[in-house]
Structure formats: structure tokens, C-alpha cells
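One-letter residues, chain by chain:
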Amino acid sequence: MGNRSELCPVETTARIVGGRWKAAVLEQLFQGTKRFSELKRGINGITQRTLAQLLRDLQSAGIVERTVHPDTPPRVEYAITPLGKSLRPLMDAMCHWGKSHAAAMALRKLRASDRQQ
């Protein structure tokens, strides 16, 4: 197979915001700067390991910034960057689409399960 030198812009965006937990992390950070424990409490079901990895991924993509305050013990805060804030309209549109099509998707699943029985 040939090497792909560039990703499609949609694929790039999906890599940044895709996955089970990234939207929840972003939603928390759209509300303001949070400490790790606040994020963990605000996202029901996420593990500490997963949250730490997602924050690293989002930080390396320039979506989240991590600030270490030299307190004792050190205090670490996470905030959305201006680049991350630019994702807000996209996330809002995805939320709107999901809400407006949820009934149709649920009905389709119900019909499919009826056919299998």
C-alpha cells in the first residue's frame, strides 16, 4: 500500500474529537478551568488512566493546556485553548444532530430487532 502523506480534514477532526470520552472532557472544559479530580467527578464512568491519556492527547493536539502551580502539593489545572474553543460550534452541531435524530435512530434499531426475532 502507498503512504498517505496527508489526512482528510474530516479524518483529522475525527481523530481529535472522536472516541467515547473526548466530547465529555471537552464539554467539562468548555465550562471553565478544572483540576483533574473535578474532571473525573464530572464524567461518570471514566477511569483515571483513560482521563489522563485523553488529557495528554488533547494537550499534544493543542486543544487543552495544562498548568502546574508551584503550590505544596503542586496544583495542576486543565483549560481549553483558543484552538479548543473553536471546536465549540462543531460540538454543539453534533449535539443538535444527535438530539434531532435520536428518535429516528431508536425506531430503526427497534425495527431491526423486530425483524431478527
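Everything quoted here is computed from the prediction, not taken from an experiment.

Caption draft 1: Region of the structure containing the overall build of the chain. Check the secondary structure of the chain and you find 6 helices and 3 strands. In sequence order, the chain lays out its α and β elements as α-α-β-α-α-β-β-α-α. For 117 residues, the compact-globule formula gives about 13 Å, and the C-alpha radius of gyration of the chain, at 18 Å, lies well above that figure. Out of the 117 residues in the chain, the part that is buried amounts to 23%. Across the chain, contacts joining residues at least 24 apart in sequence account for 44% of those joining residues at least 6 apart. Counting every atom, the chain has about 8,600 Å² of accessible surface; 54% of that belongs to carbon and sulfur. Averaging the positions of the 19 positive and the 10 negative side-chain charges in the chain gives two centres separated by 6 Å.

Caption draft 2: Molecular detail of the environment of threonine 67. Within the fold, threonine 67 resides in strand S2 (residues 64–69). Taking C-alpha positions, threonine 67 is 22 Å from isoleucine 46, a pair spaced 21 residues apart along the chain. Excluding residues within four positions of it along the chain, threonine 67 makes contact with Arg75, Val76 and Glu77.

Caption draft 3: Fine view of the pattern of salt bridges. Tallied over the full model, the rule gives 5 salt bridges. A salt bridge links glutamate 11 to arginine 15; the nearest nitrogen and oxygen atoms lie 3.4 Å apart. Note that glutamate 11 and arginine 15 are positioned in helix H1 (residues 9–17) at a spacing of 4 residues, about one turn of the helix. Its relative accessible area of 26% is what places glutamate 11 among the partly exposed residues.

Caption draft 4: Spotlight on the packing of helix H2 (residues 22–30) against helix H4 (residues 48–60). For the pair H2 and H4, interaxial distance at closest approach is 11 Å and the crossing angle is 75 degrees. Our classification of the angle between H2 and H4 gives roughly perpendicular. Across the interface between the two elements, Lys22, Val25 and Leu26 from H2 touch Leu51, Leu54, Leu55 and Leu58 from H4. Here the residues of the contact of H2 with H4 sort into 6 nonpolar, no polar and 1 charged.

Caption draft 5: Highlighting the sheet that holds strand S1 (residues 34–35). Spatially, the 3 strands line up as an open sheet ordered S1-S3-S2, and their pairing is antiparallel. Unpaired on one side and paired on the other, S1 and S2 mark the two borders of the sheet. In this structure, S2 lies alongside strand S3 (residues 75–80), joined through 6 bridges in antiparallel fashion. Opposite arginine 66, over in S3, you have tyrosine 78 as the bridge partner.

Conventions used here
- What you see as residue numbers is a count from 1 along each chain, following the sequence as written.
- Given that this is a predicted model, residues contribute local features only at a pLDDT of at least 70 and side-chain atom pairs are listed and counted only at 80 or more, while totals for whole chains, interfaces and linings are drawn from all residues.
- Excluding hydrogens and water, the side-chain figures rest on all heavy atoms present in the structure.
- Runs of H or I in DSSP of at least four residues are treated as helices and runs of E of at least two as strands, each being numbered from the N terminus.
- For the radius of gyration, the atom set is restricted to C-alpha positions; the globular benchmark scales as 2.2 Å times the number of residues to the power 0.38.
- Each residue's exposure class comes from its accessible area (1.4 Å probe, protein chains only) as a fraction of the maximum for that residue type: buried when under 20%, exposed when over 50%, partly exposed otherwise.
- The criterion used for residue contact is that any of the two residues' heavy atoms lie within 4.5 Å.
- We get accessible surface area from the Shrake-Rupley algorithm with a probe of 1.4 Å; when it comes to residues, only the shown protein chains can shield them.
- Charge counting follows a simple rule: Lys and Arg are positive, Asp and Glu are negative, and His as well as the terminal groups are ignored.
- To locate a charge, take atom NZ for lysine, CZ for arginine, CG for aspartate or CD for glutamate.
- Basic side-chain nitrogens of Lys or Arg form a salt bridge, by our definition, when they fall within 4 Å of a carboxyl oxygen of Asp or Glu.
- Only C-alpha atoms enter the line fits that serve as axes; for helices the fit covers just the stretch in contact. Angles between N-to-C directions range over 0 to 180 degrees.
- Throughout, the term roughly parallel applies to angles under 35 degrees, roughly antiparallel to angles over 145, roughly perpendicular to angles from 65 to 115, and oblique to all others.
- We call Asp, Glu, Lys and Arg charged. Ala, Val, Leu, Ile, Met, Phe, Trp, Tyr, Cys and Pro are nonpolar, and the rest, Gly among them, are polar.
- Pairing between strands is defined by DSSP: at least two bridges between the two strands are required.

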